[in-house]
Amino acid sequence: MQKLRKASSLKLLFQFPKYKDDLLGFMESLIHDYGDAIEFRLGNFKGLFLNKPEYYKYVMLENWSNFPKSDRYKVFSPLIGDSILSANGPRWKFRRTLIQPLLSTKKIKVFDEPIQKTIQGMIHGLDKQEQINISQMMSQITFKLICRLSFSGDIEEKFDEFSNLVHTLAKESKDRAITPFLFLNKAPLPRNFKYRNLSSRAHQIVDQIIHHRIENPSNEVDLLSLMLTAKDEEGNKLSLVDL
């Protein structure tokens, strides 16, 4: 792996306001100035940015125990809980061991048809004379596909509410993650109370779907049904918290 290059904190400090709402542009500027393996710091935020698949393989597969997720990931806990995205160590390894086989080429082949139907449905719903925001449309398609492949039709009744919740929480979570003043995320401020309330409602919707599926098994083929039946070599299954 190439030696890390340290980005100039002072230079980044002046550049960051320009890229606050364009993280892709920020990453591209880092690559242009420093290469494909970069260490950078903004205030108390320390980051490692990699831009080659083999580097990610080295970090996430071959040496994952040496690269634990930082405490900054706890910022997302009201939204994603102690999930595979934020967990470290044995808990992360257990979840990855059970989930990885579910995403094999053979397993996800069954999703080809619902993916095509969802995309075609959204395309047919477009007004040919209407000006389209491609970025926004792709975001909507992606989110609808994630919900459809995760929960099948169980999410339809609550989809609009759930979509608004997740998009609001995602934007707020990004702002909370990149702030140099993490203590403000725990302060008794109105924005924090609102964030926790919205998170609780999003979790409530997902919990209701999971419990309904457990109590009323169906033949639906989606990620939830696959995860409910997943077991490791010792027969351990994902808990409700894992799900």
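Conventions we followed
Each residue is numbered by its place in its chain's sequence as written, counting from 1. Only residues with pLDDT of at least 70 are given local features in this predicted model, and only at 80 or more are side-chain atom pairs given and counted; all residues enter the totals for whole chains, interfaces and linings. Where side-chain values are given, they derive from all heavy atoms of the structure, hydrogens and water being excluded. Helix and strand definitions here come from DSSP, where helices need a minimum of 4 consecutive H or I residues and strands a minimum of 2 consecutive E residues; each element is numbered from the N-terminal end. Relative accessibility thresholds used throughout: buried, under 20% of the residue-type maximum; exposed, over 50%; partly exposed, between the two (1.4 Å probe, protein chains only). One fewer than the residue count of a helix, multiplied by 1.5 Å, yields its expected span. At least two bridges found by DSSP between two strands is the condition for calling them paired. Take a side-chain nitrogen of Lys or Arg and a carboxyl oxygen of Asp or Glu: if they are within 4 Å of each other, that pair is a salt bridge. Any pair of Phe, Tyr and Trp rings, taking the six-membered ring for Trp, is counted once the centres come within 6.5 Å. Such a pair is stacked with planes under 30 degrees apart, edge-to-face with planes over 60 apart, and tilted for the rest. All axes here are fitted lines through C-alpha atoms, helices being fitted over the stretch that makes contact, and every angle between N-to-C directions spans 0 to 180 degrees. Roughly parallel covers angles under 35 degrees, roughly antiparallel covers those over 145, roughly perpendicular covers 65 to 115, and oblique covers all other angles. Handedness of a crossing follows from how the near helix is turned relative to the far one, being left-handed for an anticlockwise turn of less than a right angle and right-handed for a clockwise one. By definition in these notes, contact holds between two residues if any of their heavy atoms fall within 4.5 Å. Each residue receives one of three labels: charged for Asp, Glu, Lys and Arg, nonpolar for Ala, Val, Leu, Ile, Met, Phe, Trp, Tyr, Cys and Pro, and polar for the others, Gly being one of them.

A. Region of interest: the overall build of the protein. A tally of regular secondary structure across the protein gives 11 helices and three strands. Listing every helix and strand of the protein by position from the N terminus yields β-α-α-β-β-α-α-α-α-α-α-α-α-α. Structurally, the protein occupies a C-alpha span of about 55 × 55 × 40 Å along its principal axes. For the protein, the proportion of its 243 residues judged to be buried stands at 33%.

B. Region of the structure containing helix α9 (residues 159-178). With 20 residues, α9 ought to run about 28 Å at 1.5 Å a step, and its terminal C-alpha atoms sit 29 Å apart, in line with that. Of all the positions in α9, only F159, F162, S163, L165, V166, L169, S173, D175, R176 and A177 are classed as buried.

C. Looking closely at the pairing of strand β2 (residues 37-42). With five of six residues buried, β2 lies mostly within the body of the structure. Bridge analysis of strand β1 (residues 5-6) against β2 gives two bridges, and the strand direction is parallel. Residue pairing for β2: K6 is matched across the bridge by E39. Pairing analysis gives six bridges linking β2 to strand β3 (residues 45-50), with the strands arranged antiparallel. When the sheet's bridge partners are listed, F40 is paired in β3 with G47.

D. Structural context of the pattern of salt bridges. Under the criterion given, the structure shown has seven salt bridges. Note that D112 is salt-bridged to K109, the shortest N-O span being 3.3 Å. Overall, K109 belongs to the exposed group, its relative accessible area being 56%. Here R191 ties to E172 by a salt bridge, and the two come within 2.7 Å at their closest N and O atoms. Highlighted residues: R191 in helix α10 (residues 190-215) and E172 in helix α9, separated in sequence by 19 residues. Overall, R191 belongs to the partly exposed group, its relative accessible area being 34%. A single network of salt bridges, built from pairs that share partners, joins D154, R213 and D222.

E. Spotlight on the packing of aromatic side chains. Applying the stated criterion across every chain yields a total of two aromatic pairs. Between F143 and F159 the ring centres are 5.9 Å apart and the planes differ by 40 degrees, which places this aromatic pair in the tilted class. Taken together, the residues span a long stretch of sequence, with F143 in helix α8 (residues 134-151) and F159 in helix α9 at a distance of 16 residues. Each member of the pair, F143 as well as F159, is classed as buried. Here a set of aromatic residues connected by ring pairs shows up, and it is made of F143, F159 and F162.

F. Here's a closer look at the packing of helix α7 (residues 112-124) against α8. Where α7 contacts α8, the two axes come as close as 10 Å, and the packing angle between them is 140 degrees. With respect to α8, the axis of α7 lies oblique. The handedness of the crossing between α7 and α8 comes out as right-handed. On α8, the residues touching P114, I115, T118, I119 and M122 of α7 are Q140, I141, K144, L145, R148 and L149. The residue makeup of the contact of α7 with α8, split by class, is seven nonpolar, two polar and two charged.

G. The arrangement of the sheet that holds β1 in detail. With respect to topology, three strands assemble into an open sheet ordered β1-β2-β3, the strand pairing being mixed. Taken across any chain shown, the strands that pair with only one partner, and hence form the sheet edges, are β1 and β3. The strands that helix α2 (residues 23-34) touches are β1, β2 and β3; relative to β2, the one it contacts most, it runs at about 120 degrees.

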